[in-house]
Amino acid sequence: MINNKDNIDQIMCLAEMGRSSFGLFHDILNPISSLILYLDLITKKNFEDQKIKNDLKPILKSSKKIASFIKIIQSDFADQKIKHEHNKIDDIISNCIKILSHKSKQQNVSILFIREKNCTLFCQKTKIYRLVMNFLSNSIDSFESIKDSRKRKVIIKLYENKKNIFIEFNDNGCGIKDEEKNKIFNLLYTTKKHGNGVGLYHIKKIIEKDLSGKITFDSKLFFGTNFKIQIPKKQSHYFETESF
């Protein structure tokens, strides 16, 4: 049972994390912006070795995507009005895979993205980005404690029916203990060595409150976890504030 003091401590902790995070985004964005400008200048120069120029182009492209993602999250933290628009979920997932590609390579994790077609949802892009980044990052992290020689895989599935869009994140990582399954969405609860217990709590709120969706999961210890997100195509609360 959580008492009032625990609630106040959690709220104060979140408030401080919010202030720190917003400043951190600003601090990170400045050097990345400088890096983008520098890379942009370099790629416009003439090189005798064309390979150098070709090698720099994907670095510039990735830097711009990271900067764009930081701006999206920064706006969300600042509670600014973010435009609701028709977003291609396929493209968002593909971008997140690219952003986390270095992390997946470090863990020797292969990522397979299976989609029936490019599903479109009228929503705030930042919500989907945060959702995908969080679950994909967690799936990759699930292999940190794995010492055996299994082929490390994360499979993302995107599909739809007439009413809903579905996104699944399946990994064959460490899995979740039975006694922890009813706690993973709790505020400040974490099983990670360097976790803060905020990510899944906020993502669940985004899915259920902001996107009117549902989240379910199955997990077997040492064998892996599957998260399934269901999002209704008709986001009625968005259409109330937007005109076409």
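Up top you'll find the structure we're talking about.
Criteria and cut-off values
- Residues numbered from 1 in each chain as written.
- Predicted model: local features only at pLDDT ≥ 70, side-chain atom pairs only at ≥ 80, totals over all residues.
- Heavy atoms only, no water.
- Helix = DSSP H or I, 4+ residues; strand = E, 2+ residues; numbered from the N terminus.
- Buried < 20%, exposed > 50% of the residue type's maximum accessible area, 1.4 Å probe, protein only.
- Areas by Shrake-Rupley, 256 points an atom, 1.4 Å probe, with all protein chains shown as cover.
- Contact = heavy atoms within 4.5 Å.
- Axes fitted to C-alpha atoms, helices over the stretch in contact; angles between N-to-C directions.
- Parallel < 35°, antiparallel > 145°, perpendicular 65-115°, else oblique.
- Left-handed = near helix turned anticlockwise from the far one by under 90°.
- Nonpolar A, V, L, I, M, F, W, Y, C, P; charged D, E, K, R; others polar.
- Patch = residues over 30% accessible without salt bridge, like charges linked within 9 Å, V, L, I, M, F, W, Y side chains within 5 Å.
- Salt bridge = Lys/Arg side-chain N within 4 Å of Asp/Glu carboxyl O.

### Quick word on the overall build of the protein
Across its full length, the protein holds 7 helices and 7 strands. In sequence order, the protein lays out its α and β elements as α-α-β-α-α-β-β-α-β-β-α-β-β-α. For the protein, the proportion of its 244 residues judged to be buried stands at 39%. When the accessible surface of the protein is split by element, carbon and sulfur atoms take 54% of a total near 15000 Å².

### Some details on the environment of Phe169
Considering the arrangement of structural elements, one finds Phe169 in strand β5 (residues 164-171). According to the relative accessible area criterion, Phe169 is buried, its value standing at 0%. Sequence separation between Phe169 and Phe135 is 34 residues; the distance between their C-alpha atoms is 6.9 Å. In this structure Phe169 touches Leu131, Val132, Phe135, Leu136, Ser139, Ile155, Ile156, Thr225, Asn226, Phe227 and Ile229, once residues within four positions along its chain are discounted.

### Some remarks on the packing of helix α3 (residues 89-99) against helix α5 (residues 125-141)
Interaxial distance between α3 and α5 falls to 10 Å at its minimum, and their mutual angle equals 45°. One way to sum up the angle between α3 and α5 is to call them oblique. For the element pair α3 and α5, the recorded crossing hand is right-handed. Of α5, the residues touching α3 (which contributes Ile89, Ile92, Ile93, Asn95, Cys96, Ile97 and Ile99) are Lys125, Ile128, Tyr129, Val132, Met133 and Leu136. Of the residues assigned to the contact of α3 with α5, the class counts are 11 nonpolar, 1 polar and 1 charged.

### Quick notes on a nonpolar patch on the surface
A cluster of nonpolar side chains, Leu221, Phe222 and Phe223, forms an exposed patch at the surface whose accessible area comes to about 340 Å². With respect to the element layout, Phe223 can be found in the loop between β6 (214-220) and β7 (224-232). The class for Phe223 is exposed, based on a relative accessible area of 57%.

### So, the environment of Ile231
Within the fold, Ile231 resides in strand β7. Overall, the relative accessible area of 1% leaves Ile231 in the buried class. Each C-alpha atom, one on Ile231 and one on Phe166, is 6.3 Å from the other, the two residues being 65 residues apart in sequence. Once you skip the residues sitting within four places of it in the chain, Ile231 turns out to touch Leu121, Ile128, Leu131, Lys163, Asn164, Ile165, Leu211 and Gly213.

### Considering the pattern of salt bridges
By the definition in use, this model includes 7 salt bridges. A salt bridge links Lys103 to Asp141, with the nearest nitrogen and oxygen atoms 2.9 Å apart. Note that Lys103 is positioned in helix α4 (residues 101-106) and Asp141 in helix α5, a separation of 38 residues in sequence. According to the relative accessible area criterion, Lys103 is partly exposed, its value standing at 24%. Of the residues examined, Asp141 reaches a relative accessible area of 15% and is grouped as buried.

### Thoughts on the packing of α5 against helix α6 (residues 199-210)
Packing of α5 against α6 brings their axes to within 10 Å, and their N-to-C directions diverge by 140°. For the element pair α5 / α6, the angle class is oblique. Considering the relative orientation of α5 and α6, their crossing is left-handed. Packed against α5, whose contacting residues are Lys127, Arg130, Leu131, Asn134, Phe135 and Asn138, the element α6 presents Gly199, Leu200, His202, Ile203, Ile206, Ile207 and Asp210 at the interface. Each residue belonging to the contact of α5 with α6 can be placed in one class, and the counts come to 6 nonpolar, 4 polar and 3 charged.

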